[in-house]
Amino acid sequence: MGSAGTIGTEPEHDPTVKQNDDVLLRFEGVTIIGFDGAPALKDVTFDVGAGETRVVLGAAGGGKTVLLKAAAGLIRADEGRITLFGQDITRMDELHLFDLRSNVGFLFQEGGLFDSMTIEGNVAYPLVNQRARKAADYAEVEKAVRETLRFVELEHTMDRFPSQLSGGMRRRVGIARAVVTQPRLVFYDSPTAGLDPITANTIMALIVKERDIRSTAAVMATHRYQDGQLMANFRYNPHSGELQRASRNGDGVEASSTQFMVLNEGRLVFEGSQSELESSRDPYVSQFVLRR
């Protein structure tokens, strides 16, 4: 979206403006009317570039889940435009959306696992049900499932059912199902809700690991500011297998490209960096920041 150049010259490239190939998700003036007739989202505009992280904060019922579902084409926009991987999905039919979602992972609230399926069946579900993937055979699917469960340290649970696992383990299986197709973009809906602090940090470490190993873009809705802090300030170190605090002065691992968003009754009232969020004087925005 650079300005037009004069005739016979190339327009000057602005490195701060994302080129079309770099934009994985874009909302342009998106409004969605809820069941009660009030806007669940109101005139929301933002974009997500390749490898970027968006942390979405807001009160319960403020539009966070609606935003994620709209981004995946699970809810239709009443006004505005949504593009996913450069394709306009605002009015896209379900058949084409089904194929496009093969490049998207989604962790639903509470994990969203199928109770009647084994853990192996749950994680395999995106592979065997997405036509664009064209999984060759059972052996290939089983290998991918086993490797992904090993990634979340739950390979030993393949034959179990969700009811046999703890809440934290079910959430980790949900992450495995979301990333088994190695998507370019993952949506996380309240990944740590209802978990104790230690388990919540384990979940967040896995999300950071997925982001950094595969350069995956992420949009995460959360009520915990600590989750956003971890995403913004830590990177996964593949040599040590642990998270490492990112450096902003070049003497450590590079800080991630993380931006924060705050929704208030469906309106995007803040968008910016962690430092900008923490310095905001808006009383609504400030309530989501942990101050020491």
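Calculation rules
- Residues numbered from 1 in each chain as written.
- Predicted model: local features only at pLDDT ≥ 70, side-chain atom pairs only at ≥ 80, totals over all residues.
- Heavy atoms only, no water.
- Helix = DSSP H or I, 4+ residues; strand = E, 2+ residues; numbered from the N terminus.
- Expected span 1.5 Å × (residues − 1).
- Buried < 20%, exposed > 50% of the residue type's maximum accessible area, 1.4 Å probe, protein only.
- Polar contact = N/O pair within 3.5 Å; in protein donor to acceptor, adjacent residues only side chain to side chain.
- Pairing = 2+ DSSP bridges.
- Axes fitted to C-alpha atoms, helices over the stretch in contact; angles between N-to-C directions.
- Parallel < 35°, antiparallel > 145°, perpendicular 65-115°, else oblique.
- Left-handed = near helix turned anticlockwise from the far one by under 90°.
- Contact = heavy atoms within 4.5 Å.
- Nonpolar A, V, L, I, M, F, W, Y, C, P; charged D, E, K, R; others polar.

Undergrad: Help me understand helix α6 (residues 197-214), please; the structure alone is not making it clear to me.
TA: Within an α-helix, residues lying three or four positions from one another point in the same direction, as the helix has 3.6 residues per turn. With 18 residues, α6 extends 26 Å from end C-alpha to end C-alpha; this agrees with the ideal 26 Å at 1.5 Å per step. Those residues of α6 that fall on the buried side of the exposure criterion are Ala200, Ile203, Met204, Leu206, Ile207, Val208, Lys209, Glu210, Arg211 and Asp212. In this structure aspartate 196 caps α6, since a side-chain oxygen of it lies 3.1 Å from the backbone nitrogen of isoleucine 198. A positive backbone phi angle near 55° is found at serine 215, which sits one or two residues after α6.

Undergrad: Is there a simple way to think about the pairing of strand β11 (residues 258-264) in this case?
TA: For a regular strand, side chains alternate in direction, first toward one face of the sheet and then toward the other. Among the seven residues that make up β11, five are buried, leaving the element largely enclosed by the rest of the structure. Relative to strand β12 (residues 267-272), β11 runs antiparallel, the two sharing five bridges. Bridging from a neighbouring strand, leucine 263 pairs with leucine 268 of β12. Connecting the antiparallel pair β11 and β12 is a turn made up of two residues, with glutamate 265 showing a positive phi of about 50°.

Undergrad: What is the right way to look at the packing of helix α5 (residues 167-179) against α6 in this model?
TA: Here α5 crosses α6 at 15°, and the two axes come no closer than 10 Å. Regarding the angle of α5 to α6, the classification is roughly parallel. Crossing of α5 over α6 shows right-handed handedness. For the pair formed by α5 and α6, the contact residues are Gly168, Arg171, Arg172, Ile175 and Val179 on the first element and Thr199, Ile203, Leu206, Ile207, Glu210 and Arg214 on the second. Residues that form the contact of α5 with α6 fall into these classes: five nonpolar, two polar and four charged.

Undergrad: Hey, could you run me through the sheet that holds strand β6 (residues 104-107) in this one?
TA: Pairing between sheet strands relies on hydrogen bonds along the backbone, with the strands arranged either parallel or antiparallel. Judged by pairing direction, the sheet is mixed, and its six strands sit side by side in the order β6-β7-β8-β3-β11-β12 without closing on themselves. Edge positions in the sheet fall to β6 and β12, since each of these pairs with one other strand and no more. Within this sheet the neighbouring strands show an average axis-to-axis angle of 15°, counted without direction. Note: β6 against strand β7 (residues 185-189), four bridges, orientation parallel. Across the sheet, the residue bridging to leucine 107 is tyrosine 188, located in β7. The strands that α5 touches are β6 and β7; relative to β6, the one it contacts most, it runs at about 165°.

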